[in-house]
Amino acid sequence: MFIKEIIKNWRKIFIMSLVDFKSQFKASVLTWFWVVINPALTIGMYLFSFAVGGENVETVGLISFKYNELSSFDTNYIPTEYPKIGWLIIGVLTWTYVGSVLSAGSTSIKNYSWIVTKIGTPLSTPPTLVTISKSYIGISSIIVSWFIYMIISACHGDEVISLNIIQLPLMIIFLFTFLLLWSLVLSPLTAISKDVHNVILIIPILLQWITGVFLPLAPSEFNEPLGIIFRINPFSFLLDGVRGSIIGNSWFWNDWVSLTSFLLFFAFFFAFASFLNKRSKRLVVDLV
């Protein structure tokens, strides 16, 4: 079982994750500043697009970029406006973290093949150390987005913090664990098949458009085909959970469809990760 392997080798994994984290900024003068540039440009580009299109950059609404607070996902919609820049910052910074793990975690065994072939560590080691390495900045970015949103809300005279923030640590745990399972499943498959590796390169781009990173759904669209895709997407559940915690507009169990879908995906990835970790090591070692 990969959980026992991770617990047994936690010290080694932690040290290697620090080495991997530091290697990202090797020979770079600006070091961690590069982490800020990409999300900042993305946020700026979308704000500029909305402004050019005549939209109000101050508040968020659907298509017209109006974000809706939901007392329930099926009835009783309460329209509420939030600062658009804050809403985007939370989504973009969270997705930057998700996207980095989707890419790096999925190719971790190929990139760290020597750990498996020469040192003989378990298959779970490379995906785990890479996921942890990406989480140092990723989780910090989510916390930073919370502080930024509080500052923006204070400037607009809105509520700075709500009771929903107590679920943020749980949502971060959900997010980290799901990304770890993703890496444990995809990294052996990527090492075995180049086709899987090529598909992995496109997945983060496709997922961000069906996860609601840039636009939320209107209440009328929740039961439409596009709305169903959004709601059963486990990354939508995670992103909405983080946003709901910081903005204070919903609890993670409000949408039972999204929650059920997430739990089913979680169970499937857990079972598949256990199977691959147990059965694929010899094949992976032979191919990498």
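Residues numbered from 1 in each chain as written. Predicted model: local features only at pLDDT ≥ 70, side-chain atom pairs only at ≥ 80, totals over all residues. Heavy atoms only, no water.

**Description of the overall build of the protein**
Piece 1. The secondary structure content of the protein amounts to 13 helices and 2 strands.
Piece 2. Residues counted as buried form 51% of the 288 residues belonging to the protein.
Piece 3. Carbon and sulfur atoms make up 69% of the accessible area of the protein, which totals about 14100 Å². (Helix = DSSP H or I, 4+ residues; strand = E, 2+ residues; numbered from the N terminus. Buried < 20%, exposed > 50% of the residue type's maximum accessible area, 1.4 Å probe, protein only. Areas by Shrake-Rupley, 256 points an atom, 1.4 Å probe, with all protein chains shown as cover.)

**Remarks on the confidence of the model for the protein**
Piece 1. Summing up the model confidence of the protein, the mean pLDDT is 78 and the portion of residues at 70 or higher is 78%.
Piece 2. Helix α8 (residues 168-192) holds the highest mean pLDDT among the elements of the protein, 92, whereas strand β2 (residues 77-79) holds the lowest, 38.
Piece 3. Contacts for the low-pLDDT stretch residues 60-80, under 50 throughout, to residues beyond four places or in other chains number 60 contacts. (pLDDT = per-residue confidence, 0-100. Contact = heavy atoms within 4.5 Å.)

**What about the pattern of salt bridges?**
Piece 1. Tallied over the full model, the rule gives 1 salt bridge.
Piece 2. In this structure, arginine 231 engages aspartate 255 in a salt bridge whose closest nitrogen and oxygen atoms are separated by 2.8 Å. Linking arginine 231 in helix α10 (residues 225-232) with aspartate 255 in the loop between α11 (234-248) and α12 (256-279), this pair joins segments that are 24 residues apart in sequence. Per residue, the accessibility class of arginine 231 equals that of aspartate 255, and both read buried. (Salt bridge = Lys/Arg side-chain N within 4 Å of Asp/Glu carboxyl O.)

**Some details on helix α4 (residues 84-106)**
Piece 1. In this model α4 runs 32 Å from its N-terminal to its C-terminal C-alpha over 23 residues, within 8% of the 33 Å that 1.5 Å per residue would give.
Piece 2. Counting buried residues along α4, 19 of its 23 residues qualify, which places the element largely inside the surrounding structure. (Expected span 1.5 Å × (residues − 1).)

**Here's the deal with the nonpolar core**
Piece 1. Counting 57 residues, the largest nonpolar core has Leu102, Leu168, Leu179, Trp182, Phe235, Leu238 and Ile246 as the members making the most contacts within it.
Piece 2. Of all the secondary-structure elements, those providing two or more residues to this core are α1 (2-8), α2 (10-23), α4, α7 (125-156), α8, α9 (194-209), α11 and α12.
Piece 3. Residues in contact with tryptophan 182, not counting those within four places in the same chain, are Leu102, Ser106, Ile203, Leu207, Phe235 and Phe269.
Piece 4. In terms of nonpolar packing, the next biggest core, distinct from the first, is built from 5 residues, Ile109, Val116, Leu123 and Ala191 among them. (Core = buried A, V, L, I, M, F, W, Y, C linked by side-chain atoms within 4.5 Å.)

**Overview of α9**
Piece 1. Considering bend angle alone, the principal kink of α9 is centred on isoleucine 202 and spans about 35°; proline proline 204 follows within four residues of it.
Piece 2. Every buried residue belonging to α9 is among His197, Ile200, Ile203, Pro204, Leu207 and Gln208, and all of these are buried.
Piece 3. Looking at the buried residues of α9, the elements they touch are α4, α8 and α11. (Bend = angle between axes of the 7 residues up to and from the residue.)

**Some details on a nonpolar patch on the surface**
Piece 1. Residues Trp10, Phe14, Ile15 and Val19 make up a contiguous nonpolar surface patch of roughly 420 Å² in combined accessible area.
Piece 2. Along the chain, tryptophan 10 falls in helix α2. (Patch = residues over 30% accessible without salt bridge, like charges linked within 9 Å, V, L, I, M, F, W, Y side chains within 5 Å.)

**Focus: the packing of aromatic side chains**
Piece 1. Applying the stated rule across the entire model yields 19 aromatic pairs.
Piece 2. Relative to phenylalanine 235, the ring of phenylalanine 178 has its centre 5.4 Å away and its plane inclined at 80°; by these criteria the two rings are edge-to-face. Of this pair, phenylalanine 178 sits in helix α8 while phenylalanine 235 sits in helix α11, and the two are 57 residues apart along the sequence.
Piece 3. Judged by relative accessible area, which is 0%, phenylalanine 178 ranks as buried.
Piece 4. By relative accessible area, phenylalanine 235 is classed as buried at 4%.
Piece 5. Arranged with centres 5.4 Å apart and planes meeting at 50°, the rings of phenylalanine 178 and phenylalanine 269 form a pair that is tilted. (Phe/Tyr/Trp six-rings, centres within 6.5 Å; stacked < 30°, edge-to-face > 60°.)

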